[in-house]
Amino acid sequence: MLCVCVSFGKTLTLKVTGFKQYLEKLYITFYNDSETFMKKKVASYAVAVDGATVTLEISSDDLPLGTYAICMFHDENGNKKLDSGLFGIPTESYGFSNNAKGFAGPPSYKQCKFQFKDNQTIEIKLD
């Protein structure tokens, strides 16, 4: 008997909430190493913000299974960068995987990292 096995990719679903307004884009970046965290991304996405929740489905065909940390920000004014005010404090909404929080700066890779190994959903609430 011949058995043909078909392997289907896995899907990582991101559900993002906490938007102050529903316009422009949400920029999402993935990192896979503590040494290059927030310096050298391995994948990035820009998604239109048109409601209270933004959902993005990413296939393992596009993002290989592995360990990652996510950083994201809502570009509320459309200038393609995270704006900041006094002392470098962001003036636009941002978030990290695991809803990690930093103290006097961004959280660490260790606080943000997660395993993409199965179909899974990650929920992130922007600050």
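Heads up: the structure comes first, above all this text.
A quick note: this is a predicted structure, and the numbers were derived from the prediction, not measured.

Calculation notes
Residue numbers restart at each chain and count upward from 1, following the sequence in its written direction. The model is predicted, so local features are restricted to residues of pLDDT at least 70 and side-chain atom pairs to those at 80 or more, both for listing and for counting; the totals for chains, interfaces and linings are taken over all residues. With hydrogens and water excluded, all non-hydrogen atoms of the structure serve as input to the side-chain values. Helix and strand definitions follow DSSP, with helices as H or I runs of at least four residues and strands as E runs of at least two, each counted in order from the N terminus. In this scheme, a residue with accessible area under 20% of its type's maximum is buried, one over 50% is exposed, and one in between is partly exposed, where area comes from a 1.4 Å probe on protein chains only. Throughout, a contact is declared for two residues whenever any of their heavy atoms are within 4.5 Å. A 1.4 Å probe and the Shrake-Rupley method give the accessible areas. Residues count as covered only by the protein chains that appear here. In this analysis, strands are considered paired if DSSP registers two or more bridges between them. Lines fitted to C-alpha atoms define the axes, with helix axes restricted to the stretch in contact, and inter-axis angles between N-to-C directions lie between 0 and 180 degrees.

1. Examining the overall build of the chain
Consideration 1: Regarding its fold elements, the chain presents 1 helix and 8 strands.
Consideration 2: Its helices and strands taken in sequence order, the chain reads β-β-β-β-β-β-α-β-β from the N to the C terminus.
Consideration 3: Along the first, second and third principal axes, the C-alpha atoms of the chain reach 70 × 35 × 20 Å.
Consideration 4: The buried share of the chain, taken over its 127 residues, is 36%.
Consideration 5: In the chain, the share of contacts with a sequence separation of at least 24, taken over all contacts with a separation of at least 6, comes to 68%.
Consideration 6: Here the chain displays about 7900 Å² of accessible surface, and carbon together with sulfur accounts for 52% of that area.

2. Some points on the sheet that holds strand β4 (residues 54–59)
Consideration 1: Read across the sheet, 3 strands follow the order β4-β1-β8 without closing on themselves; strand pairing throughout is mixed. In the strand order of this sheet, the two ends are held by β4 and β8 (120–125), each with one partner. When the angles between neighbouring strand axes are averaged without regard to direction, this sheet yields 20°.
Consideration 2: Bridge count between strand β1 (residues 11–17) and β8: 6 bridges; the pairing is parallel. What sits directly across from L12, in β8, is Q120.

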